[in-house]
Amino acid sequence: MTAAFPTNQDLDPQRLRSAFGNFPTGVVSVAAEVDGVPVGLAASSFTSVSLDPPLVSINLAATSKTWPDLRRAVKLGVTVLASHHGPLCRQLAGAVGQRFTGVDYSVSPEGSIFIDDGMATFDTTIHREVPAGDHILVLLELHAVEHRSDGGPLLFHRSMFGQLAAAE
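Overview of the structure. (Residues numbered from 1 in each chain as written. Predicted model: local features only at pLDDT ≥ 70, side-chain atom pairs only at ≥ 80, totals over all residues. Heavy atoms only, no water.)

1. Quick notes on the overall build of the protein
So, step 1. Summing up its helical and strand segments, the protein has three helices and 12 strands in all.
So, step 2. Here the C-alpha atoms of the protein give a radius of gyration of 17 Å, agreeing with the 15 Å that 2.2 N^0.38 yields for 168 residues.
So, step 3. Along the first, second and third principal axes, the C-alpha set of the protein runs to 55 × 40 × 35 Å.
So, step 4. Counting all 168 residues of the protein, 36% fall into the buried class.
So, step 5. Pairs at least 24 residues apart make up 63% of the contacts formed inside the protein by residues separated by at least 6 positions.
So, step 6. Here the protein displays about 10400 Å² of accessible surface, and carbon together with sulfur accounts for 55% of that area.
So, step 7. Distance between charge centroids for the protein: 9 Å, based on 11 positive and 17 negative side chains. (Helix = DSSP H or I, 4+ residues; strand = E, 2+ residues; numbered from the N terminus. Rg over C-alpha atoms; globule rule 2.2 N^0.38 Å. Buried < 20%, exposed > 50% of the residue type's maximum accessible area, 1.4 Å probe, protein only. Contact = heavy atoms within 4.5 Å. Areas by Shrake-Rupley, 256 points an atom, 1.4 Å probe, with all protein chains shown as cover. Lys, Arg positive; Asp, Glu negative; His and termini not counted. Charge placed at Lys NZ, Arg CZ, Asp CG, Glu CD.)

This is how it looks when you write it as structure tokens:
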């Protein structure tokens, strides 16, 4: 069967957002101390890129108010959020001054911030930034990694949080 797509289709942002939302993703915290203050954000665009050199990527809105501060950090901590982190994810996307209020996290000597009970943590530096339409593709080089084998990741699908379920 051949798919038929209408020509001159209106690819308005709302239609694209709805279609993109059909692809479930994990969610990460990207955080560091900048000038002695915790700075961070949540990203649902985390992807492994390369083993040699070890690289991952995130995509951030070019209009992000947090990224210009966060990118000044010597190192960035990336934490894969666990299934119970839905409220934390919303907090990391909320008011800047309250993103770390009540959050248990650890700070490396270089200033990377890791959420204490995340599924995996990556200590990173910025490898490259690539303008990509209304976003910035950020390639991060890995310097250290930790992970756990219990629990499950936080999933983001159709603007809602969920968790993995065993397939039959």
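Let us keep going from here.
2. Topic: the environment of Thr-66
So, step 1. Relative to the elements of secondary structure, Thr-66 occurs in the loop between strand S5 (54-61) and helix H2 (67-70).
So, step 2. Discounting residues that sit within four places of it in the chain, Thr-66 has contacts with Val-39, Gly-40, Leu-41, Val-96 and Arg-99.

3. Points about a nonpolar patch on the surface
So, step 1. A cluster of nonpolar residues, Leu-11, Leu-16 and Phe-20, forms a patch on the protein surface that exposes about 310 Å² of accessible area.
So, step 2. Locating Phe-20 in the fold gives a position in helix H1 (residues 13-20). (Patch = residues over 30% accessible without salt bridge, like charges linked within 9 Å, V, L, I, M, F, W, Y side chains within 5 Å. Salt bridge = Lys/Arg side-chain N within 4 Å of Asp/Glu carboxyl O.)

4. Things to note about the sheet that holds strand S1 (residues 25-26)
So, step 1. Across the sheet, three strands lie side by side as S1-S11-S12; this open sheet has antiparallel pairing. Only two strands of the sheet have a single neighbouring strand rather than two, namely S1 and strand S12 (160-162).
So, step 2. Pairing analysis gives two bridges linking S1 to strand S11 (residues 155-157), with the strands arranged antiparallel. Pairing of Thr-25 across the sheet is with Phe-156, part of S11. (Pairing = 2+ DSSP bridges.)

5. Things to note about the pattern of salt bridges
So, step 1. Applying the stated rule across the entire model yields four salt bridges.
So, step 2. A salt bridge links Asp-123 to Lys-75; the shortest N-O distance between them is 3.4 Å. Of this pair, Asp-123 sits in strand S9 (residues 120-132) while Lys-75 sits in the loop between H2 and strand S6 (76-80), and the two are 48 residues apart along the sequence. Exposure class is identical for Asp-123 and Lys-75. Each is buried.

6. Concerning unusual backbone geometry
So, step 1. Going from Asp-52 to Pro-53, the amide bond is cis rather than trans, its omega being 0 degrees.
So, step 2. With respect to the helices and strands, Pro-53 occurs in the loop between strand S4 (47-51) and S5.
So, step 3. With a phi close to 55 degrees, Asp-35 is a non-glycine residue in the positive phi region.
So, step 4. Examined against the element boundaries, Asp-35 turns out to sit in the loop between strand S2 (28-34) and strand S3 (37-43).

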